[in-house]
Amino acid sequence: MPATLKRNLVFLAVVAGGVLACVVILSPAIRPLRQERNAAERMLAPDIQTSVDRLNKVFEERWRKQGVEPAPPAGESTVVRRLALALMGTIPSLEELRQLDQQPKDRRVDVYLAKVLDDRRFNDYLAERLARAFVGTKDGVFIAYRRRRFVAWLSDELRERRPYDQTIRRMLTVEGYGTDEPAANFIIASMRPDMGSPKPEPTELASRVARGMLAARIDCAECHDHPFEPWKQADFQSLAAFFGQTAFQGVKGLHNVERPYEVEDRVTGKMLTIAPRAPYLDDDRPKNGWSREQLAAWVTAPKNERFAQAIVNRIWALMFGQGLVEPIDDIRSGQAIQPALKLLADDFREHDYDIHRLIQVIALSRPFRLDSRGTDDGPPVSNDDATPPPTAPAMDENFAIFPLSRLRPEQVAGSLVQCASVTTLNAKTSLVFRVARLVDTGNFVRAYGDLGEEEMQDRSGTIPQQLLLMNGGVVKNKTQRNPVLNTCSQIAMFATSDENAVELVFYTTLSRPPTLAERDYFVDRLKNRHRVSRDDRIGDIAWTLINSTEFSWNH
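Parameters at a glance
Residues numbered from 1 in each chain as written. Predicted model: local features only at pLDDT ≥ 70, side-chain atom pairs only at ≥ 80, totals over all residues. Heavy atoms only, no water. Salt bridge = Lys/Arg side-chain N within 4 Å of Asp/Glu carboxyl O. Helix = DSSP H or I, 4+ residues; strand = E, 2+ residues; numbered from the N terminus. Buried < 20%, exposed > 50% of the residue type's maximum accessible area, 1.4 Å probe, protein only. Axes fitted to C-alpha atoms, helices over the stretch in contact; angles between N-to-C directions. Parallel < 35°, antiparallel > 145°, perpendicular 65-115°, else oblique. Left-handed = near helix turned anticlockwise from the far one by under 90°. Contact = heavy atoms within 4.5 Å. Nonpolar A, V, L, I, M, F, W, Y, C, P; charged D, E, K, R; others polar. Phe/Tyr/Trp six-rings, centres within 6.5 Å; stacked < 30°, edge-to-face > 60°. Lys NZ or Arg CZ within 6 Å of the ring centre and 35° of its normal.

Enquirer: Which residues make up the pattern of salt bridges, and what values do they have?
Expert: Counting across every chain of the model gives 36 salt bridges. Note that D329 and R217 form a salt bridge whose closest N and O atoms lie 2.8 Å from each other. Of this pair, D329 sits in the loop between α14 (305–320) and α15 (339–350) while R217 sits in the loop between α11 (202–214) and α12 (233–240); the two residues are 112 residues apart in sequence, bridging distant segments of the chain. Like D329, the residue R217 is buried in the burial classification.

Listed below in structure tokens is the structure:
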């Protein structure tokens, strides 16, 4: 067979495969995913359900005492969208929604949760969120600091379901280079590139440990005693002293050395030797071994309740858009610990610091499955209206309603890229498309404004951000005519009717079907614009939905 004919046959086979894939995904008939259903059944083990029941009881008691009526359950498509946004930073694909349609109706959300936790995107996304708390987002010392290696290592730790306390102990005690020992980048990140001979900075590391691992703003006492908390300047200096024996040298990389930790007294100018000491529960700290080993044992000790509470509160904030305690890196010393936070932290500790299990318990709980719509002075409204009215503060504060939160930049970018593809953009996607996705996402986040390590706190929107959605190149490229790369053109080719086309655009952008009023309105728009091509008309509908409030918020 001639070579030219072979190439043509291969090309035709590839094109036919792509067309077939589009037709299959745009069609509602897809075989069930038995493997995912079995995973969901395994996930709902009796011990998990027991924890969920205890958590629900805590909230139901809280609602009863506060006299608030919880919102009704949210629709399954809404909960599926929440899971995708919170745990993967994107909306679900049309392919995923079609697959869920084939599952038993009462199991679809649970099946999707199992699928997400088994998806590499979940590990990568959560690793990046945790890395921002541990090492921030800034560049470090050239060659020595490898942030991507650190994030990839965190992702692998999550994928292997390594107990969280083991991961933290590794970060605090590791020696070597950031290339061979990715956990070492936690300490190497503190080295300042503008210094002639960069070295680990004990004060920077003490701040990262306090805020990122213990939710305590002890670093506020770096210059003077904390005005409102019991933290003294000596507490911060003693915490920083645990890193006083840490050195970085060209041949050895990160290693321990015998030397005292000294700081300058800003009043007398004299150098003071500071001994390592924990700011609380110091009697429970081991007194032997290198100082970083003592610190790791104290931070992760079961008695140190802040350790579990800090990560539980951070994961809760990731899934709800706000923590059980705000700000999430500052659980006040005299503050009465919320029963829900204490219950989840105890459960997390008793089950081997398993982050996957913690997420399952939260995702299966009643507060996570509630609707985001209610009224100030009346019962929650029905599920039919897409525009939520204002919520009652009392319901918001008590998680009697799912809190509305503006999407973070990476969530907006991930959703924009995903809604332009009918197939799921995951680790199984072609390398070319994955690279293109990374480039698109990175460019959009830079233009939209990366919130850095404060991403869980600063959620305000700006006019330039909205203008970027309306006029930016990413939205334009994702909605313009392109039969190979864009959903809109594929819907124009394969949708069986105008009603079907409108429904598919809604699924790909808002992850739900249109209401009857919405469907009729947009079908009319499709029929009455004969001077514009069908591709462009469908692209206009997608542009409209992307620029709606519903697209930009988690609800």
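Picking up after the structure, the text goes on.
Enquirer: Explain the packing of helix α4 (residues 76–88) against helix α6 (residues 108–117) residue by residue, including any values.
Expert: For the pair α4 and α6, interaxial distance at closest approach is 10 Å and the crossing angle is 15 degrees. On the basis of their axis angle, the class for α4 and α6 is roughly parallel. At the point where α4 passes α6, the crossing takes the right-handed sense. Only R108, V109, Y112, L113 and V116 of α6 make contact with α4, whose side of the interface consists of E76, V79, V80, L83, A84, L87 and M88. Partitioned by chemical class, the residues of the contact of α4 with α6 number 10 nonpolar, no polar and two charged.

Enquirer: Could you give an account of the packing of aromatic side chains, with specific residues and numbers?
Expert: In total, this model carries 20 aromatic pairs according to the counting rule given. Ring centres of F59 and W316 lie 5.7 Å apart, and the angle between their planes is 10 degrees; this geometry places the pair in the stacked category. Of this pair, F59 sits in helix α3 (residues 46–66) while W316 sits in helix α14, and the two are 257 residues apart along the sequence. Classification of F59 as buried rests on a relative accessible area of 0%. The interplanar angle of 20 degrees and the centroid separation of 5.0 Å between the aromatic rings of F444 and Y448 together place this pair among those described as stacked. Within this pair, F444 and its partner Y448 are both found in helix α19 (residues 431–448), separated by four residues, close to a single helical turn. The burial state of F444 is the same as that of Y448; both residues are buried. In textbook terms, an aromatic cluster arises when at least three aromatic residues are bridged by ring pairs, as seen for F59, W63, W316, F320, F368, F399 and F402. Note that R82 overlies the ring of F402, its terminal NZ or CZ placed 3.7 Å from the centroid.

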